[in-house]
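The chain contents come next:
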Amino acid sequence: MEGFELISTGAWSIIPPLLALGLALITKEVYSSLTVGVFVGMIIYQFTLNGAGGEQLIASFTMVPQMMAEQIAGNGALLLFLALLGALTVVIAVSGGSRAYAEWVSQHIKNARMASILTAILGIIIFVDDYFNCLTVGAVMRPVTDRFRISHEKLAWIIDSTAAPVCIIAPVSSWAVAVGGYLGEGGFNTFVASIPYNLYALLTIFFVFFMLAINADFGPMRAAEAAARCNETPAEDAIEQRKLEAAAKKQANLLKVAAGNKIPSDDCANPNLPPKVTERADIEDAAHGAIEQYKGLSISEKGKVSDLVLPIIVLIIFSILGMLYCGGFFEGVDFATAVGENPVMGLCIGVCVALVFAAAMFLPRKLTTLGGFMDAMSEGVRSMVGAIMILVLAWSLGGVCRYLLGTGEFVSSFLNNMGVGLDLLPAIIFVVAAFIGFAMGTSWGTVALILPIVIGVFDASDPLFLVAVGATLAGAVYGDHISPISDTTILSSAGAQCNHLRHVATQIPYATTVMVICFIGYIVAGFTKNPWISLGLGAVLVVIAVLVLHKISERKAQAEQAAE
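On a predicted model such as this, the values are computed, not experimentally measured, just so you know.

S.K.: Any chance you could explain the overall build of the protein chain here in plain terms?
M.R.: Secondary structure assignment for the protein chain yields 27 helices and zero strands. The 564 residues of the protein chain split such that 53% are buried. For the protein chain, restricting intrachain contacts to residue pairs at least 6 apart in sequence, the fraction spanning at least 24 positions comes to 78%.

Spelled out as structure tokens, the structure:
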């Protein structure tokens, strides 16, 4: 990066990301934690390069906005896409399309299980880009899942678990060509061949659908779901509220017992009650609740489901066409290369076309006025400011780690210093890639660091080569999944309108369950050189783990209720 010099700071290089993560978990405040991490990274950089002193401290402070400006400049197209997609989301809501869709789904989907599975299927369908996936699935399905009191934490988990895992195994996606580029000549074919070895992506998708099919939850997610079912308070606030209400109710019950009165039953004491919509009035209230976030804007009463569906279809089609156009497909470049050449600019083209299409569709029918259309766009851009701020800070911290301190190089150097058998190396690569992805909050950056080492260790003809490539991609996605500074994690929270740290806290037990199973799978794959044995074993272990953990969580909840 211009104005920055990469230096080796040793173990100090992992202090900034660990500090930012620790502060975020302790303070529950993301912005300040990331800022402190960036600033401390600059201090380490300056003190290592020029020695300790007041002048170096001042220079560290001034380098923080410089790094942020570099990241904004380097990711300007992505920030533009986020802002425009936020604008399109609110424009569709103002047209009445989102409300019409929510009402239609509420009439045709009768329970929370169907709504959750439909959300996951939509996440699978939108495979072109993970950013696009996170925001679009959230915008479309959040009103639907709210109807059935599915927590925002669970929605964010479904979005996050069907975004990167799908994109990383889809041959026609921006991820495929990027990874193929890292692998060098014939890299795209190598990527396709490694897909069966990407155990985390494949087993995560299986894990999501199995969990939704049997309607099982455990850990913090179970508490979030119970809170969402029992009241209208957002789940992240309801958990604390339920603790206060439980304490107050316990005191009241003690008084009633002392007075000889019968304690009334409480349905919400049972977290296993199926959430359902029982009255038409509930459906109407839910539909109105879906648009409360757009207070001050005029929402059309004449919107149709097509007002939601058609702009999204146009967005998908023209995003793909935009990628092809920017990549030179119409000038003779092959399809796969063209899609990965400049995917973000292609997405920007797609969302611009979708906005023009929406205007042509809504204004003549008087679903909104020109002034209302522009107000909706402004509100949509404003709604993305929080996510954009976190993204810029997360990119800045990642930039400090990658371009100044050499965090990735320090961690990845352990691979070359481990005197272990090559059959176990894929499992070790998986763990190291997971740690780097967690510390740096980026899948792509992790893949870029680890794959050159994999290429250096294994010959392309070695059966372990594909296992190691798959382990690298899998570990990178897992680390990205559990990192609070990951862009896809942030966007999943934004799409679901979930408290970001609540999303991270509820997702970690689920993602880590799959990770442990994948680690076992890579040990097996290292010796068998066969992905199907590991995938079959992994699927069986997922089923067993979910059933056992769900049962343990149920017993714990019953014990807590009995104690109350």
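S.K.: I would appreciate a short explanation of the packing of helix H4 (residues 76–94) against helix H19 (residues 370–383) in the present structure.
M.R.: When two helices pack together, their arrangement is given by the angle between their axes and by how far apart the axes lie. It is the contact of H4 with H19, at a shortest axis distance of 7 Å, that shows an interaxial angle of 130 degrees. Of the possible angle classes, the one that applies to H4 and H19 is oblique. Our pair here, H4 against H19, has a crossing hand that is right-handed. Of the residues in H19, those touching H4 at Ala 83, Gly 86, Ala 87, Val 90, Val 91 and Val 94 are Phe 373, Ala 376, Met 377, Glu 379, Gly 380 and Val 381. Tallied by class, the residues present in the contact of H4 with H19 amount to nine nonpolar, two polar and one charged.

S.K.: Can you help me understand the side chain of Thr 162 in this one?
M.R.: Tracing the backbone shows Thr 162 in the loop between helix H8 (152–161) and helix H9 (164–167). Assessed through its relative accessible area of 0%, Thr 162 is described here as buried. A polar contact is formed between the side chain of Thr 162 and the backbone oxygen of Ile 158, at a distance of 2.7 Å.

S.K.: Help me understand the packing of helix H6 (residues 112–125) against helix H12 (residues 199–214), please; the structure alone is not making it clear to me.
M.R.: Running from N to C, H6 and H12 point in directions that differ by 165 degrees, and their axes come no closer than 8 Å. It follows that H6 is roughly antiparallel to H12 by the angle criterion. As H6 runs across H12, the sense of the crossing is left-handed. In this structure, H6 contributes Arg 113, Ser 116, Ile 117, Ala 120, Ile 121 and Ile 124 to the contact, and H12 contributes Ile 205, Val 208, Phe 209, Leu 212, Ala 213 and Ile 214. The residue makeup of the contact of H6 with H12, split by class, is ten nonpolar, one polar and one charged.

S.K.: Please explain H12 as it appears in this structure.
M.R.: In an α-helix, one turn spans 3.6 residues; hence positions three or four apart end up facing the same way. The end-to-end C-alpha distance of H12 is 22 Å, a good match for the 22 Å that 16 residues give at a rise of 1.5 Å each. Residues of H12 that are buried include every one of Leu 199, Tyr 200, Ala 201, Leu 203, Thr 204, Ile 205, Phe 207, Val 208, Phe 210, Met 211 and Leu 212, and no others. Just past H12, the residue Asn 215 takes up positive phi, approximately 55 degrees.

S.K.: Help me out: how do you make sense of the pattern of salt bridges in this one?
M.R.: Between side chains of opposite charge, a pair can form as their charged atoms come close. Taken as a whole and assessed by the stated rule, the structure comprises four salt bridges. Here Arg 502 and Glu 153 are joined by a salt bridge, their closest N and O atoms 3.4 Å apart. With a gap of 349 residues between them, Arg 502 in helix H26 (residues 500–528) and Glu 153 in helix H8 connect regions that are remote in the sequence. Take Glu 153: its relative accessible area is 0%, and that puts it in the buried class.

S.K.: Before we go on, may I ask you to explain unusual backbone geometry in this structure?
M.R.: Generally, phi is negative for residues other than glycine and the peptide bonds are trans, each holding for most cases. For Asn 215, which is not glycine, the phi torsion reads 55 degrees and is therefore positive. With respect to the element layout, Asn 215 can be found in the loop between H12 and helix H13 (220–230). Of note, Lys 529 is a non-glycine position whose phi angle comes to about 60 degrees, a positive value. Here Lys 529 shows up in the loop between H26 and helix H27 (531–563). A relative accessible area of 29% places Lys 529 in the partly exposed class.

S.K.: Can you help me understand the packing of aromatic side chains in this one?
M.R.: Aromatic rings in a pair are described by how distant their centres are and how their planes are angled relative to each other. This model, assessed by the stated rule, comprises nine aromatic pairs. Seen from their ring centres, Phe 218 and Tyr 510 are 4.7 Å apart, and the 55 degrees between their planes marks the pair as tilted. Placement of the pair is Phe 218 in the loop between H12 and H13 and Tyr 510 in helix H26, with a sequence separation of 292 residues. When sorted by exposure, Phe 218 lands in the same class as Tyr 510, which is buried.

S.K.: Whenever I open this one, the confidence of the model for the protein chain confuses me. Can you help?
M.R.: Residue-level pLDDT values for the protein chain average 77, and 77% of them are 70 or greater. The low-confidence segment residues 261–267, where pLDDT is below 50, has six contacts with residues more than four positions distant or belonging to other chains.

S.K.: Just checking my understanding: could you explain the nonpolar core for this structure?
M.R.: A general feature of soluble globular proteins is that nonpolar side chains tend to end up buried together. Formed by 76 residues in total, the largest nonpolar core has its most connected members in Met 42, Phe 81, Leu 82, Leu 88, Val 91, Val 351 and Leu 404. In terms of residues, this core owes the most to one element, H4, which gives twelve residues.

S.K.: I keep staring at the environment of Ser 151 and nothing clicks. Help me out?
M.R.: The residue Ser 151 is located in the loop between helix H7 (130–147) and H8 in this model. Considering only alpha carbons, one finds Ser 151 and Arg 229, 78 residues apart in sequence, at a separation of 7.8 Å. In terms of polar contacts, Ser 151 uses its side chain to reach the side chain of Glu 225, at 2.6 Å.

S.K.: Help me understand the environment of Asp 375 in this model?
M.R.: Turning to its location among the elements, Asp 375 is positioned in helix H19. The sequence separation of Asp 375 and Val 94 amounts to 281 residues, and the corresponding C-alpha distance is 9.8 Å.

S.K.: I'm lost on H8 in this one. Help?
M.R.: With ten of ten residues buried, H8 is to be regarded as a mostly interior element. Buried residues of H8: His 152, Glu 153, Lys 154, Leu 155, Ala 156, Trp 157, Ile 158, Ile 159, Asp 160 and Ser 161, and no others.

S.K.: Sorry if this is basic, but what is going on with the state of the cysteines here?
M.R.: What is meant by a disulfide is a covalent connection between two cysteines, made through their sulfur atoms. Within this structure, the stated rule accounts for zero disulfides. Between Cys 326, a free cysteine, and Cys 348, which holds the nearest cysteine sulfur, the sulfur-to-sulfur gap is 8.7 Å.

S.K.: Teacher, can you tell me more about the environment of Ala 87 here?
M.R.: Counting through the fold element by element, Ala 87 comes out in helix H4. For the pair Ala 87 and Val 381, spaced 294 residues apart in the sequence, the C-alpha separation amounts to 5.3 Å. Residues in contact with Ala 87, not counting those within four places in the same chain, are Leu 355, Ala 376, Met 377, Gly 380 and Val 381.

Cut-off values and rules
- Residues numbered from 1 in each chain as written.
- Predicted model: local features only at pLDDT ≥ 70, side-chain atom pairs only at ≥ 80, totals over all residues.
- Heavy atoms only, no water.
- Helix = DSSP H or I, 4+ residues; strand = E, 2+ residues; numbered from the N terminus.
- Buried < 20%, exposed > 50% of the residue type's maximum accessible area, 1.4 Å probe, protein only.
- Contact = heavy atoms within 4.5 Å.
- Axes fitted to C-alpha atoms, helices over the stretch in contact; angles between N-to-C directions.
- Parallel < 35°, antiparallel > 145°, perpendicular 65-115°, else oblique.
- Left-handed = near helix turned anticlockwise from the far one by under 90°.
- Nonpolar A, V, L, I, M, F, W, Y, C, P; charged D, E, K, R; others polar.
- Polar contact = N/O pair within 3.5 Å; in protein donor to acceptor, adjacent residues only side chain to side chain.
- Expected span 1.5 Å × (residues − 1).
- Salt bridge = Lys/Arg side-chain N within 4 Å of Asp/Glu carboxyl O.
- Phe/Tyr/Trp six-rings, centres within 6.5 Å; stacked < 30°, edge-to-face > 60°.
- pLDDT = per-residue confidence, 0-100.
- Core = buried A, V, L, I, M, F, W, Y, C linked by side-chain atoms within 4.5 Å.
- Disulfide = S-S within 2.5 Å.

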